[in-house]
Amino acid sequence: MTYVEDELNSQPECWTRAATEAAGYARVLPTAGERVAIVGCGTSYFMAQAIAALREGAGQGETDAFAASEFPHGRSYDRVLALTRSGTTTEVLQLLGELKGRSRTTAITADPHTPVMAAADEIVVLDFADERSVVQTRFATTAVTLLRAHLGLHTDAVVADARAALTDELPGQLVACTQFTFLGRGWTVGLANEAGLKMREASLSWTEAYPAMEYRHGPISITTHGTATWMLGEAPEGLAQQVRDTGGLWIDGGLDPLAELVRAQRLAVAVAAHRDLDPDRPRHLTRSVILAP
């Protein structure tokens, strides 16, 4: 078993622990009414998109998501929440340094022995969700679970769906598809973006991701026999049939969207195996992007 397989299979246990510990971090996580920016790089950026939409949708306050390198310094925030598994990513550390004394900062990380511990004002350490694999799985979803629990949006049913996502068989024709599109709505747009990234990283697949209502505005033109369109969350009316009419494979995400992301992670590993690739050693990637001065 690869590292990434072992790590993605441990997600139900990680989510349960994060939900249990969320109340203990309430003081350092965004509070109702704060104007918040959530930042990250790569997977963490897409998780930031999901969390921002969840928080604002829950009526907790205006919440934006940015790639750390694209943070708008002309805007004012009560708190900036940074997601960084490694605690060493250059863009995140640089941004936290620039925000010192200007905005309150909290970092969620997996490694308590890294520079982020001094860079942020406050820290949440999810070391039980750390990973050896370059490809992120459990840290990202555990961070989302922590924030969902903090917002009162996590239930035991989410963990049950994650267990189902790990045991239910994937549709057999999926592995042989030549192209994959992931769709989301609201907070699941970020999850769709992440599902696409997982497929690219682990299996070198041609993947795309869109807000579901945007799919009709051009992207559906690539859909045909041998392509797959996967919906994370509730689909817009009529879209599933439109995809089927093209000859493309439609995957209806019936589980909790975070659990659907687990299914997509499994698909990425399965496609990698089908193509004789090692998902623990993705091409041109390292566990953390550390830029030379």
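This structure is a prediction, so every number in the text was calculated from the model and none was measured. (Residues numbered from 1 in each chain as written. Predicted model: local features only at pLDDT ≥ 70, side-chain atom pairs only at ≥ 80, totals over all residues. Heavy atoms only, no water.)

### So, empty space enclosed by the protein
Here the idea is plain: a probe the size of a water molecule rolls over the atoms and shows the empty space left.
Here comes step 1: In this structure the tally under the stated criterion is one cavity of 30 Å³ or more.
Here comes step 2: Computed from the structure, the largest cavity encloses a volume of approximately 40 Å³.
Here comes step 3: In this structure, the largest cavity is lined by Pro30, Ile38, Ile51, Arg55, Leu81, Leu147, His150 and Leu151.
Here comes step 4: Counting only elements with at least two residues in the lining of the largest cavity, the list comes to helix H3 (43–57) and helix H6 (138–150).
Here comes step 5: Along the lines of polarity and charge, the residues of the lining of the largest cavity split into six nonpolar, one polar and one charged. (1 Å grid on protein atoms, 1.4 Å probe; cavity = no way out; pocket = protein on both sides within 12 Å on 5 of 7 lines; lining within 4 Å. Points joined across faces, edges and corners; volume = space filled by probe spheres on them. Helix = DSSP H or I, 4+ residues; strand = E, 2+ residues; numbered from the N terminus. Nonpolar A, V, L, I, M, F, W, Y, C, P; charged D, E, K, R; others polar.)

### So, the nonpolar core
Here comes step 1: Ile108, Leu146, Phe180, Phe182 and Leu267 are the most contacted members of the largest nonpolar core, which has 68 residues in total.
Here comes step 2: The dominant element in this core, judged by the number of residues it contributes, is helix H10 (residues 257–274), at nine residues.
Here comes step 3: Sequence-distant contacts of Phe182, that is, excluding residues within four places in its chain, are made with Ala192, Ala195, Gly196, Met199, Thr207, Glu208, Ala209, Tyr210, Trp230, Leu232 and Ala264. (Core = buried A, V, L, I, M, F, W, Y, C linked by side-chain atoms within 4.5 Å. Buried < 20%, exposed > 50% of the residue type's maximum accessible area, 1.4 Å probe, protein only. Contact = heavy atoms within 4.5 Å.)

### With respect to the sheet that holds strand S7 (residues 206–211)
Here comes step 1: An order of S7-S6-S8-S9 is seen for the four strands of this open sheet, with the pairing classed as parallel. Looking at which strands have only one partner, the edges of the open sheet turn out to be S7 and strand S9 (249–252). For this sheet, the mean inter-axis angle between neighbouring strands, taken without regard to orientation, is 20°.
Here comes step 2: Relative to S9, strand S8 (residues 227–232) runs parallel, the two being bridged by four bridges. Across the sheet, residue Met231 finds its bridge partner in S9, namely Asp252. (Pairing = 2+ DSSP bridges. Axes fitted to C-alpha atoms, helices over the stretch in contact; angles between N-to-C directions.)

### Details of unusual backbone geometry
Here comes step 1: A positive phi is found at Leu204, a non-glycine position, where the angle reads about 55°.
Here comes step 2: Turning to its location among the elements, Leu204 is positioned in the loop between helix H8 (188–203) and S7.
Here comes step 3: At Asp276, a position not held by glycine, the phi torsion is positive, near 60°.
Here comes step 4: Position of Asp276 relative to the elements: it lies in the segment after H10.
Here comes step 5: Overall, Asp276 belongs to the exposed group, its relative accessible area being 72%.

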